[in-house]
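If you want the building blocks of each chain, they are given just below.
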Amino acid sequence: MRRLTWFNVTSLSLGFAFLYLPMLILITYSFNSSKLVTVWAGFSTKWYGELLQNEAFLDAAWVTVQVAVVSSSIATVLGTMAALVLVRAGRFPGRTLFSGMVYAPLVMPEVITGLSLLLLFIGIGLDRGIFTIILAHTTFSMCFVSVVVSSRLVTFDESLEEAALDLGCSSFQAFRLVTLPIVAPAVISGWLLAFTLSLDDLVIASFTAGPSSTTLPIKIWSAVRLGVSPEINALSTIMIAIVAVGVITASLVTKRASLRQQADERAAVHA
Amino acid sequence: MSQTVFEPWNDPTAKPLIQFKNVTKRFGDFTAIDNQTFDIYEKEFFALLGPSGCGKTTMMRMLAGFEAPTEGTILLAGQDIAPIPPNKRAVNMMFQSYALFPHLSVWENIAFGLKRDKKSKDEIAARVAEMLKLTRLEKFAKRKPHQISGGQRQRVALARSLAKAPKLLLLDEPLGALDAKLRQDTQFELMDIQESTGTTFVIVTHDQEEAMTVASRVAVMDDGKIVQADTPARIYEMPNSVYVADFIGEVTILSGTARRGDGAYEISFAEDQPTLFAESDTEFDNGQECHLAIRPEKVSITAQKPSDRRNALEGKILDIAYLGNLSTYHVELPGGQIVKAQTANTTRLSRRSFTWEDRVWLSWTDTAGVLLKG
């Protein structure tokens, strides 16, 4: 092991400070007993208590979760289907055009996506509400799922599917019993990605949300415009905690699985 | 011990299990299989042998149902299989990569095909147990494919493809991923299993030694065509073309012109070289171009000119390939042609009779070589 020189230590602290100082300040002030965000007046958890009393925030949180779960699930189904076609169908007329069109929303400015969806909803006379947010989120997160799943399908050994057919499966059975279980990790991470994107989307949601349905990011954004309250800090801290726990669990599970696989393979060689 | 010879291809009353009738397969402009007609009989171990890109895998994939012939028909037990999808054919395939389902245990892999047939639980369990026993995998039933060794995976793939008791089993380079020693053992295992189950096997391989070891008949393929299909012994001893002679084993080809002599053809292959003599069933006209194919082990190597053989050439040892049990000598004739001669190393290396740069005599009998047209 090389020693930590003063230079290394400085770079490390600067880097991490840049990344995490803002969040650290936010978390610290969420435990501030003062109502003034920038003045420390002692430790307290009262803002967390008040948060639970705030109906508006709780409603927004519920809407956000509903939108995220439903839209990411639909996006996963559609995105996986798109990925299957683009990877498997081989060459067909317009294949390049189709794959380009599936991936275009990745680089499309969110404002444009939001605006065009808004125009569409007005055009077809759809009342804006939770349903339109779900539609909008499905639209933009589908292509992310498609990217994640197709990158896994490219390395998928197609002879596995042929083997399933050879052993008596119909095409759909082969997909359900062989392909899907094997690419499931990619499908799940596609879902998680879509879920996260939907959770923190502000721009598209504000275009497509109606008065009756406000998501949490919209709520926070509009609350902050009236001044940052310690309640917002508490809410944000909870969100950070949820995300952190999720990420750490996911990486631990992956790491353990790969370690076990390596150990098994070593054992198999010596068996 | 009496034994009936297994040669259904010589029996005109035998009914072939598989019949290729004028089968052509094209991919765009590329012709992978060129108008092929041939039969494979029940209980045969049929090898498709050839270099990569010769069409052998296409042939197999047409039997499995993953490719359809562009022209012609393939009959399985007298029935045209073109309209039958792969999942409805009484044909199973063992894939080159084994294609074991990584998320299922060895037991579940073997049971996979049986479950699709809606067999009862007891029936499936009994059949899987039988397959595990046949392939000596009982101890590994609960393991996942990544928890067993390469040789064991190969046996799981075999057990899985045999579990449904197919009429025909296709093996795509089944031993390609195994090391040399394990491969040899597995070849004999495959033959035993083929014999005990009575299944017809069609194997695709580019390894001529493997094809010769396991197969009852070998079809040597080149460029979308079967050049010769025959027993390993006849393929080796009686190749019908220079291509087959050259592809199977080591061979020296001396090209020249033939002239009919008394009982044997006289071949002149170089101006300053003596005439060679070879008996042949194939007819040659006087002055017709011919190729004498001669296997190195049929060439004797001596220090003096042998008195009892008409075919004798003098040359200089250019190279010695020491293979342990055998040594192959590359002898250069004055005209620059290389003739290979092989001797069994019955004595220890230190007492070897010849070495590099030695002048030696090569000789063989009139029947040792095969005279070919091209």
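Residues numbered from 1 in each chain as written. Chains lettered and ligands numbered in written order. Predicted model: local features only at pLDDT ≥ 70, side-chain atom pairs only at ≥ 80, totals over all residues.

We apply this condition: UniProt positions are given in the numbering used here, feature names are shortened, and annotations may be inferred rather than shown by experiment.
Looking at an unreviewed UniProt entry, chain B carries the name Spermidine/putrescine import ATP-binding protein PotA, with the source organism given as Roseovarius marisflavi. In UniProt, chain B has this text filed under Sequence similarities (unreviewed entry): "Belongs to the ABC transporter superfamily. Spermidine/putrescine importer (TC 3.A.1.11.1) family." UniProt annotates chain B under Catalytic activity (unreviewed entry) with the comment "ATP + H2O + polyamine-[polyamine-binding protein]Side 1 = ADP + phosphate + polyamineSide 2 + [polyamine-binding protein]Side 1."

An unreviewed UniProt entry lists chain A under the name Putrescine transport system permease protein, from Roseovarius marisflavi. In the Sequence similarities (unreviewed entry) part of its UniProt record, chain A is described as follows: "Belongs to the binding-protein-dependent transport system permease family. CysTW subfamily." Its UniProt record, at the heading Subcellular location (unreviewed entry), says of chain A: "Cell membrane".

1. Remarks on the overall build of chain B
Here is the rule we go by: Where helices and strands are cited, they refer to DSSP runs of H or I of at least four residues and of E of at least two residues respectively, numbered from the N terminus. Field definition: a residue is buried when 20 or more other C-beta atoms are found within 10 Å of its C-beta, exposed when 12 or fewer are, and partly exposed for counts in between, with C-beta atoms placed from the backbone. By the convention adopted here, residues make contact when the C-beta atoms placed from their backbones lie within 7 Å.
Within chain B, the regular secondary structure consists of eight helices and 20 strands. Judged by the C-alpha coordinates and their principal axes, chain B covers about 75 × 50 × 50 Å. When the 374 residues of chain B are sorted by exposure, 39% land in the buried category. Partitioning the contacts of chain B with sequence separation of at least 6, the portion at a separation of at least 24 is 65%.

2. Quick look at the domain arrangement of chain A
Residues and elements named next belong to chain A. As a reminder, the rule being used: Note that the domain bounds were set by an automatic or database domain assignment. Classification used: nonpolar for Ala, Val, Leu, Ile, Met, Phe, Trp, Tyr, Cys and Pro, charged for Asp, Glu, Lys and Arg, polar for all others including Gly.
Taken domain by domain, chain A consists of domain 1 (53-225) and domain 2 (228-262). The C-alpha centroid of domain 2 is placed 22 Å from the C-alpha centroid of domain 1. The dominant element in the side of domain 1 that touches domain 2, judged by the number of residues it contributes, is helix α10 (residues 216-225), at three residues. Classifying every residue of the side of domain 1 that touches domain 2 by side-chain character gives four nonpolar, one polar and no charged.

3. So, the domain arrangement of chain B
Residue and element names in this part refer to chain B. Taken as a whole, chain B is organised into domain 1 (8-243) and domain 2 (250-372). Every contact between the two is made by four residues of domain 1 and, on the other side, five residues of domain 2. Per-class residue counts for the side of domain 1 that touches domain 2 are three nonpolar, one polar and no charged.

4. With respect to helix α3 (residues 121-134) of chain B
All names here are of chain B. Stated precisely, the cut-off is as follows: The length a helix should cover is 1.5 Å for every residue beyond the first. What the arc measures is the spread of directions leading from the helix axis to the C-beta atoms.
An ideal rise of 1.5 Å per residue puts 20 Å on 14 residues; α3 measures up with 20 Å between its terminal C-alpha atoms. The set of residues buried in α3 consists of I124, R127, V128, M131 and L132. Buried residues along α3 cover an arc of 140° about the axis, so they all sit on one side. Turned more than 90 degrees from where α3 packs its buried face, D122, E123 and K133 sit exposed. Two residues or fewer after α3 comes R136, characterised by a positive phi angle close to 50°.

5. Some remarks on the interface of chain B and chain A
On the chain A side, the residues contacting the 20 residues of chain B number 21 residues. Broken down by secondary-structure element, the contributors of at least two residues to the side of chain B that touches chain A are β6 (91-94) and α2 (106-116) of chain B. Broken down by element, the side of chain B that touches chain A gets its largest block of residues, three residues, from α2(B). The residue inventory of the side of chain B that touches chain A, partitioned by class, reads ten nonpolar, eight polar and two charged.

6. Regarding the sheet that holds strand β4 (residues 71-76) of chain B
Residue and element names in this part refer to chain B. Let me state the cut-off plainly: In this description, strands pair whenever DSSP reports at least two bridges between them.
The four strands are arranged β2-β1-β4-β5 in an open sheet whose pairing can be described as antiparallel. Across the chains shown, the open sheet's two edge strands, defined by having one partner strand only, are β2 (30-41) and β5 (79-80). One ladder, built from five bridges, connects strand β1 (residues 16-27) with β4; its direction is antiparallel. From the neighbouring strand, F20 faces β4, where its bridge partner is I74.

7. Notes on the pairing of strand β14 (residues 288-294) of chain B
All names here are of chain B. Among the seven residues that make up β14, five are buried, leaving the element largely enclosed by the rest of the structure. For strand β11 (residues 252-260) and β14, the ladder comprises seven bridges, and the chain directions are antiparallel. Along β14, the bridge assignment pairs T252 with I294. Pairing between β14 and strand β20 (residues 370-372): three bridges, direction antiparallel. Note that in β20 the partner of L292 across the bridge is L371.

8. Points about the UniProt feature "transmembrane region" (unreviewed entry) in chain A
In the UniProt entry, the feature "transmembrane region" (unreviewed entry) is given for residues 12-31, 60-89, 101-124, 130-154, 174-194 and 232-253 of chain A. Across residues 12-31 of chain A, helical content stands at 95% and strand content at 0%; the span's end C-alpha atoms are separated by 27 Å.

9. Thoughts on the sheet that holds strand β9 (residues 217-222) of chain B
Within a sheet, adjacent strands bond to each other through the backbone by hydrogen bonds, running parallel or antiparallel. Residue and element names in this part refer to chain B. This is how it is decided: Here an angle of 0 to 180 degrees is reported between the N-to-C directions of two axes, which are lines fitted to C-alpha atoms, with helices fitted over the stretch in contact.
One open sheet accounts for six strands, arranged β6-β7-β8-β3-β9-β10; its pairing is mixed. Two strands close off the open sheet at either side, each with one partner strand: β6 and β10 (225-230). Averaged over all pairs of adjacent strands, the angle between strand axes in this sheet comes to 20°, irrespective of strand direction. Of the pairings in the sheet, the one linking strand β3 (residues 45-49) to β9 comprises four bridges and is parallel in character. By the bridge assignment for β9, L48 is matched with A219. Sheet strands in contact with helix α1 (residues 56-64) are β3, β6, β7 (168-172), β8 (200-205) and β9, and its direction is about 145° off that of β7.

10. Here's the deal with the confidence of the model for chain A
As a reminder, the rule being used: Per-residue confidence from the predictor is reported as pLDDT, which spans 0 to 100.
Model confidence for chain A is summarised by a mean pLDDT of 88, while 98% of its residues fall at 70 or above. Here helix α11 (residues 230-270) of chain A stands out as the least confident element of chain A, with mean pLDDT 82; helix α7 (residues 158-166) of chain A is the most confident, with 93.

11. What about the pairing of β8(B)?
Residue and element names in this part refer to chain B. Put simply, the rule is: A clockwise path from the first strand over the helix to the second, with the strands pointing away from the viewer, defines a right-handed crossover.
Counting buried positions over the six residues of β8 gives six, a clear majority of the element. Both faces of β8 are covered, namely the face carrying T200, V202 and V204 and the face carrying F201, I203 and T205. Where β3 lies against β8, five bridges are found, and the strand directions are parallel. Paired with F46 across the two strands is V202, which belongs to β8. Relative to β8, β7 runs parallel, the two being bridged by five bridges. The residue of β8 that forms the bridge with L171 is I203. Viewed along the sheet, the connection from β7 through helix α5 (residues 180-197) into β8 turns out right-handed.

12. Here we look at the UniProt feature "domain: ABC transporter" (unreviewed entry) in chain B
Residues given the UniProt feature "domain: ABC transporter" (unreviewed entry) here are residues 18-248 of chain B. The annotated region residues 18-248 of chain B carries 36% helix and 27% strand content, and the separation between its end C-alpha atoms amounts to 25 Å.

13. A few points about the nonpolar core
Our working definition: By convention in this section, buried Ala, Val, Leu, Ile, Met, Phe, Trp, Tyr and Cys residues joined through C-beta atoms within 7 Å make up a nonpolar core.
Within the largest apolar cluster, 103 residues are counted, with the highest numbers of intra-cluster contacts made by B:A47, B:L63, B:I110, B:L170, B:V202 and B:A219. The dominant element in this core, judged by the number of residues it contributes, is α2(B), at six residues. Not counting chain neighbours up to four residues away, the residues in contact with B:I110 comprise B:V128, B:M131, B:L132, B:V156, B:A159, B:R160 and B:A163. Core analysis: the next-biggest nonpolar cluster, separate from the first, contains 40 residues, A:L51, A:F57, A:W191 and A:F195 among them.

14. Here's the deal with the confidence of the model for chain B
Looking at chain B, the pLDDT average stands at 90 and 98% of residues meet or exceed 70. As scored by the predictor, the complex reaches a pTM of 0.81 and an ipTM of 0.83.

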